[in-house]
Amino acid sequence: MRIEVVNTLTGSTGAVELPPNLNPVRIGHHPRNDLVLDSPHVGAEAAAIDNDAAGGGGWRLWNRSGKEIRVGGVALNGRNQYARLLRA
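The sections below set out a description of the structure shown in this document. (Residues numbered from 1 in each chain as written. Predicted model: local features only at pLDDT ≥ 70, side-chain atom pairs only at ≥ 80, totals over all residues. Heavy atoms only, no water.)

**Comments concerning the pairing of strand β3 (residues 25-28)**
Phase 1: With three bridges connecting them, β3 and strand β5 (residues 47-51) associate as antiparallel partners. Pairing of Val 25 across the sheet is with Ile 49, part of β5.
Phase 2: The pairing of β3 with strand β4 (residues 35-36) spans two bridges and is parallel. What sits directly across from Ile 27, in β4, is Leu 35. (Pairing = 2+ DSSP bridges. Helix = DSSP H or I, 4+ residues; strand = E, 2+ residues; numbered from the N terminus.)

Given below as structure tokens:
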């Protein structure tokens, strides 16, 4: 699985290759995460992406920090709120 990373503050871009069946993908600045974002603006474990195969398919982004995360105009303000990203 390839995840494209874009830092909208600095304009830097990159990509990360992860195992194809990794589910969920944990995101944050701590090295224990699957996708490590080296930024003081990102929490230790800020978010997770999972494939919701049991719930009809597609991808969900979960807020793991409790700080606001915006996904396609949707604000996730609370810990463990999620937004659907793509449907299969």
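**As for the packing of aromatic side chains**
Phase 1: What the rule picks out here adds up to one aromatic pair.
Phase 2: Relative to Tyr 82, the ring of Trp 62 lies with its centre 4.5 Å away and its plane at 40°, an arrangement referred to as tilted. You can see Trp 62 sitting in strand β6 (residues 59-63) and its partner Tyr 82 sitting in strand β9 (residues 82-86), a full 20 residues away along the chain.
Phase 3: A relative accessible area of 16% means that Trp 62 is categorised as buried.
Phase 4: We note Arg 60 situated over the ring of Tyr 82; from NZ or CZ to the ring centre the distance is 5.0 Å. (Phe/Tyr/Trp six-rings, centres within 6.5 Å; stacked < 30°, edge-to-face > 60°. Buried < 20%, exposed > 50% of the residue type's maximum accessible area, 1.4 Å probe, protein only. Lys NZ or Arg CZ within 6 Å of the ring centre and 35° of its normal.)

**Topic: the nonpolar core**
Phase 1: One finds Ile 3, Leu 18, Val 25, Ile 27, Leu 35, Ala 47, Ile 49, Leu 61, Ile 69, Val 71, Leu 76 and Ala 83 forming the largest nonpolar core, which totals twelve residues.
Phase 2: Elements with a minimum of two residues in this core: β3, β5 and β7 (69-71).
Phase 3: Each residue touching Ile 49, except ones within four places of it in the same chain, is listed here: Asn 23, Pro 24, Val 25, Ile 27, Trp 59, Arg 60, Leu 61 and Leu 85. (Core = buried A, V, L, I, M, F, W, Y, C linked by side-chain atoms within 4.5 Å. Contact = heavy atoms within 4.5 Å.)

**Some words on the pairing of β6**
Phase 1: The buried count for β6 comes to four of five residues, which makes it a mostly enclosed element.
Phase 2: Note: β5 against β6, five bridges, orientation antiparallel. Along β6, the bridge assignment pairs Ala 48 with Trp 62.

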